[in-house]
Amino acid sequence: MAWGMSFERDAEHDVVTANFTDCILATDEDVHRWGREVEEQFAKFEGRVDLLINLDGLIVRHTAGRTFGKVRREVLERNTHRSFRYGGDEMTLTFINTSGAIHGAAVNHFPTREAALAALIAERESLRRRGFTPFLPGVVNTKR
């Protein structure tokens, strides 16, 4: 199969799900290509989104791990409110956990999409109960 990715909005839950196909990141160049293409996918949406990431099909090799951690953090900071992950192979999960610790990026990994979505919804509800406004385009989120 050829390298590919798709980002689809789930209107019912107001979340975007990212899926990858044979995105094998073995070099810094692979990581930068991945980053550019992910940014292109995010451009389809207005503003930052809540994101579910299906890690199946995204493979991070040790030779690209450090660069991936940095690019991952930057892309998520620019384009997401929060992100939750599911699936993935052991090496990729190791890099995500490590980069999360090094770069202060959330890990939020779950075994299934349903579990990741439930955690995202629970976090939204927790914020709502504490008085935070929803993340809407053009709205500054403050505690009331």
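Source: prediction; values computed, not measured.

Scoring rules and cut-offs
Residues numbered from 1 in each chain as written. Predicted model: local features only at pLDDT ≥ 70, side-chain atom pairs only at ≥ 80, totals over all residues. Heavy atoms only, no water. Helix = DSSP H or I, 4+ residues; strand = E, 2+ residues; numbered from the N terminus. Contact = heavy atoms within 4.5 Å. Areas by Shrake-Rupley, 256 points an atom, 1.4 Å probe, with all protein chains shown as cover. Pairing = 2+ DSSP bridges. Axes fitted to C-alpha atoms, helices over the stretch in contact; angles between N-to-C directions. Salt bridge = Lys/Arg side-chain N within 4 Å of Asp/Glu carboxyl O. Buried < 20%, exposed > 50% of the residue type's maximum accessible area, 1.4 Å probe, protein only. Expected span 1.5 Å × (residues − 1). Arc of directions from axis to C-beta.

S.K.: In this structure, what is going on with the overall build of the protein? I would like to understand it.
M.R.: Scanning the protein from N- to C-terminus turns up four helices and seven strands. In the protein, of all internal contacts separated by at least 6 residues, the share reaching a separation of at least 24 is 71%. Total accessible area computed for the protein in this model is approximately 8,000 Å², and 54% of it derives from carbon and sulfur atoms.

S.K.: What should I look at first to understand the sheet that holds strand β7 (residues 109-110) in this one?
M.R.: Pairing between sheet strands relies on hydrogen bonds along the backbone, with the strands arranged either parallel or antiparallel. One open sheet holds the five strands; their spatial order is β1-β2-β4-β6-β7, and the pairing between them is mixed. This sheet does not close on itself; its edge strands, each paired only once, are β1 (4-10) and β7. In this sheet, strand β2 (residues 15-21) lies alongside β1 in antiparallel orientation, the contact comprising seven bridges. Each residue of the ladder has a partner; that of Gly4, found in β2, is Thr21. Taken strand by strand, helix α2 (residues 65-79) contacts β4 (49-54) and β6 (80-86), and its axis lies near 130° from that of β6. In the packing of helix α4 (residues 113-129) onto the sheet, the strands contacted are β1, β2, β4, β6 and β7, and the crossing angle to β6 comes to about 150°.

S.K.: What is the right way to read the pattern of salt bridges from this model?
M.R.: When charged atoms on two side chains of opposite charge get close, those side chains can pair. All told, the structure shown has 11 salt bridges when counted by the stated rule. In this structure, Lys70 and Glu74 form a salt bridge, with 2.7 Å as the shortest nitrogen-oxygen distance. Separated by four residues within a single helix, Lys70 and Glu74 lie in helix α2, roughly one turn from each other. For Glu74, a relative accessible area of 23% puts it in the partly exposed group. Residue Glu77 is joined to Arg73 by a salt bridge in which the shortest nitrogen-to-oxygen separation is 3.5 Å.

S.K.: Please clarify how α4 should be interpreted in this entry.
M.R.: Residue pairs spaced three or four apart in an α-helix point in one direction, given the helix's 3.6 residues per turn. Its 17 residues place the ends of α4 24 Å apart at the C-alpha level, agreeing with the 24 Å of an ideal helix rising 1.5 Å per residue. Among the residues of α4, Ala116, Leu117, Ala119, Leu120 and Leu127 are the ones counted as buried. Within α4, the buried residues cover an arc of 160° as seen down the axis, which keeps them to one side. Along α4, exposed side chains directed more than 90 degrees from the buried face belong to Glu114, Arg128 and Arg129. Where the residues of α4 are buried, they touch β2, β4, β6 and β7. Following α4 by one or two positions, Gly131 adopts a phi angle in the positive range, close to 95°.

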